[in-house]
Every structure is written in C-alpha cells, then in structure tokens.
Amino acid sequence: MPDRRSSAEPPEPQLAFAAELRELRRRTFRKPTEEALARRMGCGRSTVSAILNGRRFPSWEHTAALVEACGEVPARWRERWLRANRQIEETGKGLRSPHLVPPLAGGPDSRGDALLTAHWYRDNREFYEAASARVRQARSEIRVTYTRRYPPTQYTTRASAEYFRTILNWAGQDSDDERSVRRIIGIPERAGRPGRDMLSWVRQHHEDSRHILNYEASVLRWTAAADGLNMALIDDSVVFLAFSGGPRQRLNGFSVEDRTFMTYFAAYFEQLWATLQPLGAYLGDIDGRKTV
C-alpha cells in the first residue's frame, strides 16, 4: 500500500499516529535525523517530514523501516498501524470510529484495563522535593508547564525555589548527553494586559536563562481566572501533575511512572508547544506596544 497524502485537513487518526511516531523518535537515545530516516525508508526527506507532521499516512513498509531505525521492533507496531489505517478509512467514509485511540507508546502489551501506580504528595514541599530529585536523574529531556496566577517567587517554601533552580542547573550542565528543557509559561492576562507580577518574573527568568542553549520557554496567554493544570514530563518515564488551590502556597499532586500514561501528556504538550510564541519574542512584542 502506498503512502496516503492528505488533500485537506488530515484526519484525527492520522495526526494521532504521527504523534506516536514523533514520540518514538524523540525517545531514541541518538535521535535519528530526517535524512537518516529517509535513507532507511528508501524515500525523500520531505516524505519523512510529511509523515512525522501528520500530512501523510505512511505505508506499512515505511512505518516498519522508521520504527526499526528508532530501535523498536516493527512487529509491535503492526496492530496500531492497522488500527490507524482502519480509522482513517472510516473517517473518509463519514463514519465515526468507535475507538479513536490517543497516541500510545507503552508497547504491545498495553491494555485499556491496565492499572497505574500513583505516588501522592501531601503538600507543596513534598511535591517539589520529589520533582527536584527526579529532575537530577533525568537523562535527556524535560518538558514542564507553569500556568498560575502567581509567579514562583511568591512561594515561601524552599523546595519550590530549589525545583526551579534545579531545572535550569540541569539544562546548563556540561554533559556528553543531548539535553533539552522546554517550559510552557502561562501568563495571566486581563483585557489583553499581562499580570504585572508574572510579567516581572518572566523578564527576570528570560535574563537568567537566555544563555542556556538547552533551555527554551514559550508563552501561553492565560485568560482564565484560575490556575491551570501543571505538569512535568521527565524523559519518557515519569509524569508529575500539580494541582493548586486558592492560596498561593496551596499545591499538591501526584506522579506516575508509566510510558503509556506519559504519552498522552507528551502529545498534549507538543500540541500546545507548536502554537506558542517563544518567551523572547513575547517580551519583544510587549515592549513594542509600550513604545507605540
């Protein structure tokens, strides 16, 4: 079966399968370039790019070659490729697929009735101490979000301050490993104006982190009068989810070590990241408004 091109907006199953492939490639110890994948797949680099971005649904032959190049066993991906292919066909016929499965990267033995083990944290201190410890053990990638009405400098616990320092220190360490930290910062806005305290903090944060080559931050304009759900995704193994209350210091949450569970949140993070403005560009726009 040849690769299928998308003439209009790609169907959701195709985008979900592409997200699975991107996550697989991201988890590979030495992430293969698109050129390297193209050589293994016997196609052009543009074809690889279209597959990974969801603009083209790959043939099984291309899928197997890509999966193998990323260190996975192709046979383990056969069922999910068939499922995505079937869902795309049903979508094309105007039918609703009864089982539209979000991206999964937990392997062939993942099941809908799998049990997850969560570690619950009672308060701000417990949560941030545990998250800091896992950040120090990270191998290659950290993805975090911070969407609150208050900047982290308004917390009183030393554990929260240490958590933010630990992430920047990890990103800035000299290492032979390929490291990456990406942070989504939700900046509260009212009537198009950013919150003064948060804006002041992100300016300082930008200055503190702009020299760190392995660190990137992007801005989510946040208009809700409440905090968002915050998460830390460390490598491909553990997810920390934080829930805050009304007071500044009220925060607790839990962590789960499960690759399948991780992939749901990783796909959501990537969806957000692709639409956001880098922090430096955001601050440039804010400063530009003031001079007009």
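In the block above lies the structure referred to throughout.
Residues numbered from 1 in each chain as written. Predicted model: local features only at pLDDT ≥ 70, side-chain atom pairs only at ≥ 80, totals over all residues. Heavy atoms only, no water.

Q: So what exactly am I meant to see when it comes to the overall build of the protein chain here?
A: Per the secondary structure count, the protein chain includes 10 helices and 11 strands. Considering the protein chain as a whole, with its 292 residues, one finds that 50% of them fall into the buried category. Relative to all contacts within the protein chain whose residues are 6 or more apart in sequence, the contacts with residues 24 or more apart total 74%. Summed over all atoms, the accessible surface of the protein chain reaches about 15500 Å², with 49% contributed by carbon and sulfur. (Helix = DSSP H or I, 4+ residues; strand = E, 2+ residues; numbered from the N terminus. Buried < 20%, exposed > 50% of the residue type's maximum accessible area, 1.4 Å probe, protein only. Contact = heavy atoms within 4.5 Å. Areas by Shrake-Rupley, 256 points an atom, 1.4 Å probe, with all protein chains shown as cover.)

Q: What is the right way to look at the nonpolar core in this model?
A: Judged by nonpolar contacts, the single largest core of 39 residues is most densely connected at Y128, Y163, V202, Y215, F240, L279 and Y282. In terms of residue count, the dominant contributor to this core is helix α7 (residues 158-172) (seven residues). Excluding its chain neighbours within four sequence positions, the residues that come into contact with F240 are Y121, F127, A130, A131, R134, N230, M231, A232, I234, F254 and S255. (Core = buried A, V, L, I, M, F, W, Y, C linked by side-chain atoms within 4.5 Å.)

Q: Which parts of the structure should I look at to understand the side chain of T166?
A: Following the sequence through the fold, T166 ends up in helix α7. For T166, a relative accessible area of 5% translates into the label buried.

Q: Whenever I open this one, unusual backbone geometry confuses me. Can you help?
A: Most peptide bonds take the trans configuration, and most residues that are not glycine carry a negative phi. The phi dihedral of A191 is positive, around 55°, even though this residue is not glycine. Examined against the element boundaries, A191 turns out to sit in the loop between β5 (180-190) and β6 (193-194).

Q: What exactly am I supposed to notice about the pattern of salt bridges here?
A: It is possible for side chains bearing opposite charge to pair when their charged atoms get close. Applying the stated criterion across every chain, the model contains 26 salt bridges. Here E34 and R45 are joined by a salt bridge, their closest N and O atoms 3.3 Å apart. Placement of the pair is E34 in helix α2 (residues 34-41) and R45 in helix α3 (residues 45-52), with a sequence separation of 11 residues. Look at E34 and you get buried, because its relative accessible area is 14%. Of the residues examined, R45 reaches a relative accessible area of 45% and is grouped as partly exposed. E162 serves as the salt-bridge partner of R136, at 3.4 Å between the closest nitrogen and oxygen. Here the residue R136 occupies a position in helix α6 (residues 124-136), and E162 occupies one in helix α7, the gap between them amounting to 26 residues. Counted as one network, the salt bridges with shared partners bring together E23, R26, E141, R143, R182 and E270. (Salt bridge = Lys/Arg side-chain N within 4 Å of Asp/Glu carboxyl O.)

Q: What should I look at first to understand empty space enclosed by the protein in this one?
A: Which parts of space are left empty comes out when a probe the size of a water molecule is rolled across the atoms. Counted by the stated rule, this structure contains three cavities of 30 Å³ or more. One number sums up the size of the largest cavity: a volume of about 130 Å³. Looking at the largest cavity, it is lined by 15 residues, and the ones nearest its centre are F127, Y128, T145, Y163 and N230. Mapped onto the lining of the largest cavity, the elements with two or more residues apiece are α6, β4 (141-147), α7, β8 (230-234) and β9 (238-244). Its residues placed into classes, the lining of the largest cavity shows 11 nonpolar, two polar and two charged. (1 Å grid on protein atoms, 1.4 Å probe; cavity = no way out; pocket = protein on both sides within 12 Å on 5 of 7 lines; lining within 4 Å. Points joined across faces, edges and corners; volume = space filled by probe spheres on them. Nonpolar A, V, L, I, M, F, W, Y, C, P; charged D, E, K, R; others polar.)

Q: Whenever I open this one, the packing of aromatic side chains confuses me. Can you help?
A: Think of a pair of aromatic rings as described by two things: how far the centres are apart, and how the planes are tilted against each other in angle. Taken as a whole and judged by the stated rule, the model has 18 aromatic pairs. When the centroid spacing of 5.9 Å and the interplanar angle of 20° are considered together, the rings of F57 and W81 count as stacked. Of this pair, F57 sits in strand β2 (residues 56-57) while W81 sits in helix α5 (residues 78-92), placing them 24 residues apart in sequence. Owing to a relative accessible area of 5%, W81 belongs among the buried residues under this scheme. Measuring from ring centre to ring centre gives 4.7 Å for W120 and F254, while their planes differ by 45°; the resulting arrangement is tilted. Of this pair, W120 sits in strand β3 (residues 118-121) while F254 sits in strand β10 (residues 251-257), and the two are 134 residues apart along the sequence. Taken together, the aromatic side chains of Y121, F127, Y128, Y146, Y163, F164, W201 and F240 make up a single cluster linked through ring pairs. Above the face of the W77 ring, R80 is positioned so that its terminal group lies 4.0 Å from the ring centre. Stacked on the ring of W273, the Lys or Arg R182 has its end atom at 5.3 Å from the ring centre. (Phe/Tyr/Trp six-rings, centres within 6.5 Å; stacked < 30°, edge-to-face > 60°. Lys NZ or Arg CZ within 6 Å of the ring centre and 35° of its normal.)

Q: Explain α2 here, please?
A: Of the positions making up α2, those classed as buried are E34, L37, A38 and M41. Down the axis of α2, the buried side of the element spans an arc of 105°, and every buried residue falls inside it. Here the buried face of α2 lies against α1 (12-27), α3 and α4 (60-69). Just beyond α2, the residue with positive phi is G42, at close to 70°. (Arc of directions from axis to C-beta.)

Q: How do you make sense of the pairing of β5 when you look at a structure like this?
A: Regular strands have side chains that alternate between both faces of the sheet. Most of β5 is tucked away, with nine of its 11 residues classed as buried. Examined bridge by bridge, β5 and strand β7 (residues 215-222) share eight bridges and lie parallel to one another. Bridge assignment links V181 to a residue of β7, and that residue is Y215. Sheet analysis places β5 next to β6, joined by two bridges and oriented antiparallel. Directly across from E189, in β6, lies its bridge partner P194. The turn joining β5 and β6, which pair antiparallel and follow one another in sequence, is formed by two residues; a positive phi near 55° is taken by A191. (Pairing = 2+ DSSP bridges.)

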